Amino acid sequence: MQSLTKQVELPVTAEEAFDWHERSGALDRLIPPWESVEVLERGLGIRDGSVVKLAQRIGPLRLKWIARHHGYRYGKCFHDTQIQGPFARWEHLHAFSSSGETAATLTDQIEYEIPGGLLGRVFGGNLIRRKLDAMFDYRHHTTTDDLTAHKRYQATGKLHVAVTGASGLVGSTLVPLLTTGGHRVTKLVRREAREGELSWNPQDDFDAAPLDGLHAVIHLAGENIAASRWTTKVKDKIRASRVVATRKVCEGLARMQSPPQCLVCASAIGIYGDRGDEVLTEASEVGQGFLSEVGQQWEAATQPARDAGIRVVNLRFGVILSPRGGALAKMLLPFRFGAGGRVGSGKQYWSWISIDDAAGAIYHALMTNSLAGPVNVVAPQPVTNLEFTISLGRILNRPTIAPLPAFAARLALGEMANDLLLASCRVLPHQLIASDYQFRQPTLEAALRHILGRPATV
C-alpha cells in the first residue's frame, strides 16, 4: 500500500472551498487537460452514494474508472473509493480545515495500491507517483485560481448567462469555470435541447424570447478555421458561421423585451493581418487578408446589440494553447517524436494565450463593466515562432531540429499557411492590463508546464 498527501492553502473559508467542489463543473475543472478522460456519468455530485464513471485512454487502451463517494460532512470532508479502475485499490480523502477568517487548507490524502504486486511497484511505482504529483499540483493550482477569481467578482452577484459554442475548446473550459462560481449557464445548442439548454440554428433568425431577463450572452460559436484547406466554399462557410450567425444573435437580443446587459463576442487577432515586428494594441489599425476581412465583418455584426444599449465586448483571441485542441494539440505528436521545429523563418510573432486565461478573460469581461469594444486576449509576452519551438521542445525534453520551410507549409495548406503559420502578429493586451486582469500564466514556460503537466525540475 502506498500513500500520497498534498496540501494547498486557499483564499476562502473552508465552507466556500467545499461549495466549489460541490457545484456543477468541479469535476471538469479538476481533470488535467493532458489526460484523455471522458466523463460518462456524473452521479449526484459528492454526496454519499453518488457514483462517478470515467473513461480514460492510455495509448490504444480505454480504461473505465468507477468511483463511489461517501463520508460526506459539509464543510469538512468527503471521500471517493474506486469500485473499478486502473488501481488495485484507491481511497481518496478530501479534507477542508480553516486556517484563518478568510482562508482554508485543502488536504488530499490518497491511499493506493498498484496492480501487479511487487513487479508493478518496481516497474511502475515511480511513474505513477510522478503522474499523481503532477495531477494534484494541477488540481490545486486550478482550484486556487478559480476561487481567487470568484472571490474577486463576488460583489457582482450570481448571473444567468447564455453561451454559444459551449462544447468547443474554450466553451468547455468556460462553462465549468462559471458554474463552480455559482452562476447559472444556459447552453445554446444546435441539436435537440436537454435540460439547461436552448436549441438554435446559427443561420436562422434567433428567437431569444425564452432568455428574456438573463444577464449576459457569451457568443463563441464559429466554424473551425483550420479544419480543412481554404477553398472558396470553406471560406464562405467560415465567414457565414461568424458574420451571419453573430448578426442573427444580436438582432435577436435587440428584439428582447428585457435584453441582457452584456454581450461578450469572440473575435481574433487575425484582424490585424501580417504586421512583422510592429507592436499592436486595440488602438492599432486593422490589416489585410482573409482573416482580417472576416474579423472586421464579425465585429461589425455586433452593432445591433450596441444599438439596443447592450455593452458589447469583442474579444480578439490569440493562439489558444491547450493539449485538447487547436494549434498546440496538432504540434504535440511530431514534437514528442523529435520531429518538431520552427515554421518558415521562425521570426514571425505568435501572440498566444493559455486556455485558462482565455476562459478567465471572458469571465473578466463579463464582470467588468468598464470593458467594451475590442479587447486583445493574449498573454503580455508574445514570442516568435522560434522561441515557441525552443520552449516546447525543452519542456517535452525533445530536440527541435526538423524545420518546416515556408514553401512546404504553403504547398500543404495553401492560403491558410500564410495567415495561420507564417503571418507575424505582435499583440499586447492593453485593455486587459488596464482593467487589472490577473493572468494565471503570463509566461509561455508557465503556461506550457501547467497544461502539459511538466513541472520545472528543482
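See the structure shown above.
All figures in this text were calculated on a predicted structure; none of them were measured in a lab. (Residues numbered from 1 in each chain as written. Predicted model: local features only at pLDDT ≥ 70, side-chain atom pairs only at ≥ 80, totals over all residues. Heavy atoms only, no water.)

1. Observations regarding the packing of aromatic side chains
Considering all chains together, one arrives at 15 aromatic pairs under this definition. Arranged with centres 5.2 Å apart and planes meeting at 70 degrees, the rings of Phe 18 and Phe 96 form a pair that is edge-to-face. Residue Phe 18 is found in helix 1 (residues 14-22), and its partner Phe 96 is found in strand 6 (residues 89-100); the two are separated by 78 residues along the sequence. Pair check on accessibility: Phe 18 and Phe 96 agree, each one buried. Grouped by ring-pair contacts, the aromatic residues Phe 18, Tyr 72, Tyr 74, Phe 78 and Phe 96 constitute a single cluster. One residue, Lys 235, lies across the ring of Phe 290, its end atom 4.9 Å from the ring centre. (Phe/Tyr/Trp six-rings, centres within 6.5 Å; stacked < 30°, edge-to-face > 60°. Helix = DSSP H or I, 4+ residues; strand = E, 2+ residues; numbered from the N terminus. Buried < 20%, exposed > 50% of the residue type's maximum accessible area, 1.4 Å probe, protein only. Lys NZ or Arg CZ within 6 Å of the ring centre and 35° of its normal.)

2. Regarding the nonpolar core
Among the nonpolar cores identified, the biggest contains 81 residues, and Ile 218 and Leu 392 are the most heavily contacted of them. In terms of residue count, the dominant contributor to this core is helix 9 (residues 355-367) (9 residues). Setting aside chain neighbours within four positions, we find Leu 392 in contact with Leu 328, Met 331, Leu 332, Phe 335, Leu 448 and Leu 452. In terms of nonpolar packing, the next biggest core, distinct from the first, is built from 16 residues, Val 8, Val 12, Ala 14 and Phe 18 among them. (Core = buried A, V, L, I, M, F, W, Y, C linked by side-chain atoms within 4.5 Å. Contact = heavy atoms within 4.5 Å.)

3. Notes on unusual backbone geometry
The phi dihedral of Asn 397 falls on the positive side, at around 60 degrees, and the residue is not glycine. Inspection of the secondary structure assignment puts Asn 397 in the loop between helix 10 (385-396) and helix 11 (406-413). We note that Asp 436 has phi near 65 degrees; this positive angle belongs to a residue other than glycine. In this fold, Asp 436 is placed in the loop between helix 13 (430-434) and helix 14 (444-452).

4. Considering the layout of surface pockets
Empty space within the second largest pocket amounts to approximately 240 Å³. Those elements that provide at least two residues to the lining of the second largest pocket are helix 3 (117-152) and helix 14. When residues in the lining of the second largest pocket are grouped by element, the largest group, 5 residues, is from helix 3. Looking at the lining of the second largest pocket residue by residue, the classes come out as 5 nonpolar, 4 polar and 5 charged. (1 Å grid on protein atoms, 1.4 Å probe; cavity = no way out; pocket = protein on both sides within 12 Å on 5 of 7 lines; lining within 4 Å. Points joined across faces, edges and corners; volume = space filled by probe spheres on them. Nonpolar A, V, L, I, M, F, W, Y, C, P; charged D, E, K, R; others polar.)

5. A word on the sheet that holds strand 14 (residues 311-317)
On the basis of which strands lie adjacent, the open sheet formed by 7 strands has the order 10-9-8-11-12-14-18 and parallel pairing. Of all strands in the sheet, those with a lone pairing partner are strand 10 (197-199) and strand 18 (373-377), marking the two edges. With direction set aside, neighbouring strand axes in the sheet form an average angle of 25 degrees. Bridging between strand 14 and strand 18 involves 5 bridges; their strand directions are parallel. Along strand 18, the bridge assignment pairs Val 313 with Gly 373. Packing of helix 4 (residues 171-179) onto the sheet brings it into contact with strand 8 (160-164), strand 9 (184-189) and strand 11 (216-219), and relative to strand 9 it is tilted by some 155 degrees. (Pairing = 2+ DSSP bridges. Axes fitted to C-alpha atoms, helices over the stretch in contact; angles between N-to-C directions.)

Take it as geometry only, folks, not as evidence of what the structure does.
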